[in-house]
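The chain contents come next:
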Amino acid sequence: MKHFEANFDGLVGPTHNYAGLSFGNVASYSNAAQASNPKAAAKQGLAKAKALADLGMVQGVLAPQERPDLYSLRRMGFSGSDAEVLTQAAKQAPMLLNACCSASSMWTANAATVSPSADTRNGKVHFTPANLVDKLHRSIEPTTTGNILKATFSDEKHFQHHQHLPEHASFGDEGAANHTRLCSDYGHAGVELFVYGQQAMNPNAPKPKKFPARQTLEASQAVARLHQLDDESCVFMQQNPDVIDQGVFHNDVISVGNQNVLFYHEQAFVDTAAKFDEIRRKMNTDVHFVKVATEQVSIQDAVKSYLFNTQIITLPNGEMAIIAPTDCEENPAVHAYLNELVTLGTPIKQVRYYDVKQSMQNGGGPACLRLRVAMNEHEVAAVNQNTLMNDALFTRLNTWVDKHYRDTLTVADLADPQLIIESRTALDELTQVLKLGSVYQFQK
Ligand code: SUG
């Protein structure tokens, strides 16, 4: 049987904007209040997804969320017609309006944690949407994320969906951004590497001093239990709190894995040597730990260029390629490192650069934009086929973006009631294109 690692990229929603909502995420903070280009953002994402499909990868798309989120604004006490809710919020609490307008669901690495059927006791692919409780604008995503995942992976014979974890800081969960699966082959049982930022229930354990640690050990352990993973197929590692304080707000900003390769910065983890020994023992096969030293690439350059927010993919010919943002090409130290990396004799043989700057300016690189789902051929056949990227879908989605998306959006524009109509019209049409049924509240 054939096995694949599919990537499901988040479509950028029509309200993509820079409101500086993510404390601890350097790019989000430093680009706050700039004008965004939602149309360009969506097209950059589509071009990257299509490029991977053209390389022979299984590539899908996940629908964005409905924004402005008027349901959340009503829960916060704003009332009247939809337009009145928006106007009141803009006047009385603009930060709440901004939180309810973020297009942050585009970063589908944070949509959920996924465990492939080869790892789980009941032989199904398991999904747990991330609760994203650390950030208000993201904490309103998980219910709709669950709906979209169920509409995309609907076949209960193959796919099992869990509710997101309890909405409390003890269970802070950011999904696959802090989860990597190592394996010899996608179809063989692997080791799932859960990286957490802090232990919520152990006040003496190390944690960052300046910026939040968004993922807790307790959340990672709960996801492993839900997904029916054996102890022998899990490793829980702590992220170095000092790098969180330098802007590494998720593990996928400092390390990335694929099959038997773990590409990481030497400062990424706590207790690295012992944990790598545990990985070696549990993997029972050779693992390539590809270490980047601080003198090769500083933490600052890693955060700026997103060297580790790259995708490492296995091409159909078996070679591995790194899918990097053009920001890596523009950073001299990182570019020099990547040029050298492909000559070092590791499984990584090529680097390809894509422009995803609209997303990067909010702290989301190529790896943030995708959710990985390793599947066998029967499982791939059971996915909603209308969500899989091909020439026709690419053309259709570009036309859809041209029709509905704006070229510029400022934070002040978020108060425009016309944006509600534009966004709902676009999403309603999208659910028909992707044949998702009614996944949004306004459709119910
Ligand atoms: O959660 N940015 C996202 C970026 C997520 C990146 N994901 C991964 N590393 N996997 C975040 O911080 C910014 C939104 C704003 O400022 O408007 C934002 O939410």
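Scroll up to find the structure this text is about.
Criteria and thresholds
Residues numbered from 1 in each chain as written. Predicted model: local features only at pLDDT ≥ 70, side-chain atom pairs only at ≥ 80, totals over all residues. Heavy atoms only, no water. Helix = DSSP H or I, 4+ residues; strand = E, 2+ residues; numbered from the N terminus. Rg over C-alpha atoms; globule rule 2.2 N^0.38 Å. Buried < 20%, exposed > 50% of the residue type's maximum accessible area, 1.4 Å probe, protein only. Areas by Shrake-Rupley, 256 points an atom, 1.4 Å probe, with all protein chains shown as cover. Lys, Arg positive; Asp, Glu negative; His and termini not counted. Charge placed at Lys NZ, Arg CZ, Asp CG, Glu CD. Near = heavy atom within 4 Å. Polar contact = N/O pair within 3.5 Å; in protein donor to acceptor, adjacent residues only side chain to side chain. Nonpolar A, V, L, I, M, F, W, Y, C, P; charged D, E, K, R; others polar. Pairing = 2+ DSSP bridges. Axes fitted to C-alpha atoms, helices over the stretch in contact; angles between N-to-C directions. Parallel < 35°, antiparallel > 145°, perpendicular 65-115°, else oblique. Left-handed = near helix turned anticlockwise from the far one by under 90°. Contact = heavy atoms within 4.5 Å. Salt bridge = Lys/Arg side-chain N within 4 Å of Asp/Glu carboxyl O.

1. With respect to the overall build of the chain
Right, on to step 1. Scanning the chain from N- to C-terminus turns up 17 helices and 15 strands.
Right, on to step 2. Here the C-alpha radius of gyration of the chain, 20 Å, is about what a compact globule of 444 residues would show, namely 22 Å.
Right, on to step 3. With respect to the principal axes defined by its C-alpha atoms, the chain has extents near 60 × 45 × 40 Å.
Right, on to step 4. Out of the 444 residues belonging to the chain, those deemed buried represent 62%.
Right, on to step 5. As displayed, the chain has an accessible area near 16400 Å², and 49% of this comes from carbon and sulfur atoms.
Right, on to step 6. Considering the chain, the positive charge centre built from 38 side chains and the negative charge centre built from 47 side chains are found 3 Å apart.

2. Focus: the site of the ligand
Right, on to step 1. In the vicinity of the ligand, 22 residues are found, and the nearest of them are L21, S22, H137, D252 and C368.
Right, on to step 2. One of the side-chain N or O atoms of N110 is found 2.9 Å from a nitrogen atom in the ligand.
Right, on to step 3. At a separation of 2.9 Å, an oxygen atom of the ligand approaches a polar side-chain atom of R138.
Right, on to step 4. Relative to its unbound accessible area of 490 Å², the ligand is 100% covered by the protein chains.
Right, on to step 5. Among the residues making up the shell around the ligand, the classes are represented as seven nonpolar, twelve polar and three charged.

3. A word on the sheet that holds strand β2 (residues 59-62)
Right, on to step 1. Strand order across the open sheet formed by three strands is β2-β1-β15, with mixed pairing between neighbours. What marks the edges here is a single partner per strand, and that holds for β2 and β15 (370-376). Recorded for the sheet is a direction-independent mean angle of 30 degrees between the axes of neighbouring strands.
Right, on to step 2. For strand β1 (residues 3-10) and β15, the ladder comprises seven bridges, and the chain directions are antiparallel. Residue pairing across strands places F8 opposite L371, the latter belonging to β15.

4. So, the packing of helix α16 (residues 391-404) against helix α17 (residues 418-433)
Right, on to step 1. Running from N to C, α16 and α17 cross one another at 165 degrees; their axes reach a closest spacing of 10 Å. Taken as axis vectors, α16 and α17 run roughly antiparallel relative to one another. Remark: the crossing between α16 and α17 carries right-handed chirality. Contacts from L393, R396, L397, W400, K403 and H404 in α16 reach E422, T425, A426, E429, L430 and V433 in α17.
Right, on to step 2. A class-by-class count of the residues in the contact of α16 with α17 yields six nonpolar, two polar and four charged.

5. Section: the pairing of strand β7 (residues 191-196)
Right, on to step 1. In terms of burial, β7 is a largely internal element, six of the six residues being buried.
Right, on to step 2. Of the two faces of β7, both are covered, the one formed by V191, L193 and V195 as well as the one formed by E192, F194 and Y196.
Right, on to step 3. Sheet topology places strand β6 (residues 179-182) next to β7; four bridges connect them, and they run antiparallel. Looking at the pairing, H179 lines up with F194 of β7.
Right, on to step 4. Sheet topology note: the β7/strand β8 (residues 234-238) ladder contains five bridges and is parallel.

6. Topic: the pattern of salt bridges
Right, on to step 1. In total, this model carries 25 salt bridges according to the counting rule given.
Right, on to step 2. The shortest N-O distance in the salt bridge between D69 and R67 comes to 3.9 Å. Like D69, the residue R67 is buried in the burial classification.
Right, on to step 3. Here D134 ties to R214 by a salt bridge, and the two come within 4.0 Å at their closest N and O atoms. Highlighted residues: D134 in the loop between β4 (125-129) and α6 (136-139) and R214 in the loop between β7 and α8 (217-226), separated in sequence by 80 residues.
Right, on to step 4. Judged by its relative accessible area of 31%, D134 is partly exposed.
Right, on to step 5. Salt bridges sharing partners connect three or more residues here, namely E66, R74, D82 and R424.

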